[in-house]
Amino acid sequence: MSTARKLRVAIVGAGASGIMSVIKMREAGIDDITVFEKAASLGGTWRDNRYPGLSCDVPSHLYRYSFEPNPDWSHVCSPGPEILSYLKQVVEKHDVARHIQFSSEVTKAEFNAGKWTIETTQGPQGAFDAVLVAVGVLHHPVYPDIPGLDSFAGPAFHTSRWDDSVSLKGKRVGIIGTGSTATQITGAVIGEVANLSLFQRTAQWVLPLPNTPIPEEEKADYRANPGKLDAEYGRLAKEFNSNFAAAVVGANDEAYQGMVMACQSNLDRVKDPELKAKLTPDYKVGCKRMIMSDIFYEAVQQPNAEVVTDKITAIEPGGVRTADGRLHELDVLVLATGFDTHRFVRPMNVIGREGRRLDEIWSGGNEGYLGVTVPDLPNWFMIGGPNSPIGNFSWLMTAENQFNYAMKLIDKLRSGNVTEISPKVEAVRAFNAAVKAKMPDTIWATGCNSWYVDKNGHVASWPWTYEKFEADMAEPVLDHYEMA
Ligand code: NA7
């Protein structure tokens, strides 16, 4: 590969994907990198989320960088603070922080004559040859549109804006939402609150994944035999990809039936028929992202827990009013209402070739090419862009694959012969048509609402297997790109 041109690269976001991108880009020989991070510290979703019970829903030995095995994970799915500290250790080890400009949110990115000019909340930042967007998808909190939300007299906050000054001990706590976040909090706090009202709009399937501590001897074994860590990564990747990931896209019915049975027998642990009926979903296992927990059902069967399924009509100073007229009196209100996963970089003002705005390009829905590139936005590479495998694989594994793909295109820019590279409109159309044609085979398209589905009803995940993703990421088809 020729490295005739020295590139200046901007990375947006210092979360797990941005950190990985700096390390791998430097390894590839590019050092002129600036990471623009909106917050005052790094870690993305693992910085934003600090709620009790937070852990990853992907096993830790898989949710790690391929190049940074960690023998010391404490649990099968380790707690959030441990993941944040892992990211910080990696940053330290690879001297990533010198590239990061904190408290510098990109407000505008405009493409002109082969360069992106960037402005952030700290002012103009100059021109860059390429932009790598690593903003993730779980970072725009959704606040419920419920009358009186601001009138609640006690503390009320979104789970990703946890108020550390508030103790839940002995309090009457309400949680709105029953996604992964709400169920983790429920399991963690049920033993300390006076009572917990869980406001459920839609029941969830819960896979009883035991989150046990990893014994000290096992960690010591990993430390002494690093090959075992790689073997464990490989084993989990294979298991995840050929079972779970294949099952959700309709490519492994046996694995899917296994998931169904596991969720059903977990639900059967709920003894009270009325409560069980409330907790029984009316859609297929896996349609919404599955909850991983072997303690949730136990928690909601405690005498101080109540699952409230009556529609919320208002929030009042004293608590939450439901359609049956009842006021659920509360001291603290937790909004576990999820994220707007379809906004990506917006509200950033992105202006591509010939003045075309991202808002305009995506006016009919978010469409890109292979989750990485976007037509009319040359030299713009996304980690986790539209139709990335957000519902199938470990995010870090996806991110590394997408980075490797993007880097091969960035190499074209380095060669000195190319200053602009973007996917051809026909290739993008064909990709999105194929996505739409395949999506009905997936479990996400079987009739439920979830954060994978956008406002037009399109599922935003990858509808194929891991093998196809890996093959598509292995080498860009240059014929699908226009280069100038
Ligand atoms: P999710 O999975 O999007 O869950 C949000 C929950 O909040 C879900 O139960 C929603 O019910 C509920 N919700 C949202 N708005 C309202 C209103 N207005 N009224 C009542 N209930 C509402 O977000 P999480 O934070 O739990 O998890 C996100 C991901 O983070 C997770 O999948 C892991 O990958 C990590 P609904 O089901 O829409 O009826």
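What you see is a predicted model; the values in this text were computed from it and never measured.

A. A look at the state of the cysteines. Applying the stated criterion across every chain, the model contains 1 disulfide. Here Cys287 engages in a disulfide with Cys448; their sulfurs sit 2.1 Å apart. Between Cys287 and Cys448, the S-S dihedral sits near -100 degrees, and the bridge is therefore left-handed. Taken together, the residues Cys287 in the loop between helix 8 (273-279) and strand 12 (291-292) and Cys448 in the loop between helix 12 (425-438) and helix 13 (466-474) connect sequence positions 161 residues apart. Note on accessibility: Cys287 and Cys448 belong to one class, buried. The thiol of Cys56 is not disulfide-bonded; the next cysteine sulfur, from Cys77, is found 6.5 Å away.

B. The site of the ligand, seen in detail. In the region of the ligand, 19 residues are neighbours, and Thr181, Thr202, Lys288, Arg289 and Trp451 sit closest. Contact between the ligand and Thr178: an oxygen atom at 2.9 Å from a main-chain N or O atom of the residue. At 2.5 Å from an oxygen atom of the ligand is found a side-chain nitrogen or oxygen belonging to Lys288. Alone, the ligand offers 790 Å² of accessible surface; in the complex the protein occludes 82% of this. Two domains each donate at least three residues to the shell around the ligand, and these are domain 1 (9-140 + 340-483) and domain 2 (149-204 + 288-335).

C. View of the packing of aromatic side chains. A complete count under the given rule lists 22 aromatic pairs for this structure. Positioned above the aromatic ring of Phe128 is the side chain of Arg8, whose terminal nitrogen or guanidinium carbon lies 4.1 Å from the ring centre. Over the aromatic face of Trp464 sits the side chain of Lys468, whose NZ or CZ is 4.8 Å from the ring centroid.

D. Representation of the sheet that holds strand 16 (residues 327-329). Taking strand neighbours across the sheet as the criterion, the 3 strands line up as 14-15-16 in an open arrangement whose pairing is antiparallel. Each edge of the open sheet is held by one strand with a lone partner, namely strand 14 (312-316) and strand 16. When strand polarity is set aside, the average angle formed by the axes of neighbouring strands in this sheet is 25 degrees. Inspection of the sheet shows strand 14 paired to strand 15 (residues 319-322) by 4 bridges, in the antiparallel sense. What sits directly across from Ala314, in strand 15, is Arg321.

E. Expanded view of the environment of Ser74. Residue position: Ser74 is located in the loop between helix 2 (45-48) and helix 3 (80-93). Its relative accessible area of 16% is what places Ser74 among the buried residues. A sequence separation of 14 residues divides Ser74 from Ser60, and the C-alpha atoms of the two residues are 8.8 Å apart. Sequence-distant contacts of Ser74, that is, excluding residues within four places in its chain, are made with Pro79, Glu82, Thr212, Pro213, Ile214 and Lys219.

F. Structural context of the domain arrangement of the protein chain. One can read the domain layout of the protein chain as domain 1 (9-140 + 340-483) and domain 2 (149-204 + 288-335). One C-alpha centre belongs to domain 1, the other to domain 2; they are set 32 Å apart. Residue-level contacts link 18 residues of domain 1 with 14 residues of domain 2. Overall, the association of domain 1 and domain 2 removes approximately 1,400 Å² of surface from exposure, summing both partners, and the carbon and sulfur fraction of that is 45%.

G. Structural context of the packing of helix 11 (residues 395-414) against helix 13. Here helix 11 crosses helix 13 at 25 degrees, and the two axes come no closer than 8 Å. Judged on the interaxial angle alone, helix 13 and helix 11 are roughly parallel. Each of Met397, Thr398, Asn401, Gln402, Tyr405 and Lys408 in helix 11 lies in contact with helix 13, whose residues at this interface are Tyr466, Phe469, Glu470, Asp472, Met473 and Ala474. For the contact of helix 11 with helix 13, a count of residues per class yields 6 nonpolar, 3 polar and 3 charged.

H. Local environment of the pairing of strand 2 (residues 33-36). The alternating pattern of strand 2 places Ile33 and Val35 and Thr34 and Phe36 on opposite faces, both of which are buried. Across 4 bridges, the pairing between strand 1 (residues 9-12) and strand 2 is parallel. Residue Val12 lies in a different strand from strand 2, and its bridge partner there is Phe36. A crossover links strand 1 with its parallel partner strand 2, the connecting element being helix 1 (residues 16-27), and its sense is right-handed.

I. Representation of helix 3. With 14 residues, helix 3 should reach 20 Å at 1.5 Å per residue; the first-to-last C-alpha distance of 20 Å fits that figure. For helix 3, the set of buried residues is Gly80, Ile83, Leu84, Tyr86, Leu87, Val90 and Val91. When helix 3 is viewed along its axis, its buried side chains cluster within an angular range of 155 degrees and face the same direction. With respect to the buried face of helix 3, the exposed residues turned more than 90 degrees away are Pro81, Gln89, Glu92 and Lys93. Looking one or two places after helix 3, you find Asp95, whose phi comes out positive at around 55 degrees.

Scoring rules and cut-offs
Residues numbered from 1 in each chain as written. Predicted model: local features only at pLDDT ≥ 70, side-chain atom pairs only at ≥ 80, totals over all residues. Heavy atoms only, no water. Disulfide = S-S within 2.5 Å. Helix = DSSP H or I, 4+ residues; strand = E, 2+ residues; numbered from the N terminus. Buried < 20%, exposed > 50% of the residue type's maximum accessible area, 1.4 Å probe, protein only. Near = heavy atom within 4 Å. Polar contact = N/O pair within 3.5 Å; in protein donor to acceptor, adjacent residues only side chain to side chain. Areas by Shrake-Rupley, 256 points an atom, 1.4 Å probe, with all protein chains shown as cover. Domains from an automatic or database assignment. Phe/Tyr/Trp six-rings, centres within 6.5 Å; stacked < 30°, edge-to-face > 60°. Lys NZ or Arg CZ within 6 Å of the ring centre and 35° of its normal. Pairing = 2+ DSSP bridges. Axes fitted to C-alpha atoms, helices over the stretch in contact; angles between N-to-C directions. Contact = heavy atoms within 4.5 Å. Buried area = accessible area lost by both parts, 1.4 Å probe. Parallel < 35°, antiparallel > 145°, perpendicular 65-115°, else oblique. Nonpolar A, V, L, I, M, F, W, Y, C, P; charged D, E, K, R; others polar. Right-handed = clockwise from strand over helix to strand, strands pointing away. Expected span 1.5 Å × (residues − 1). Arc of directions from axis to C-beta.

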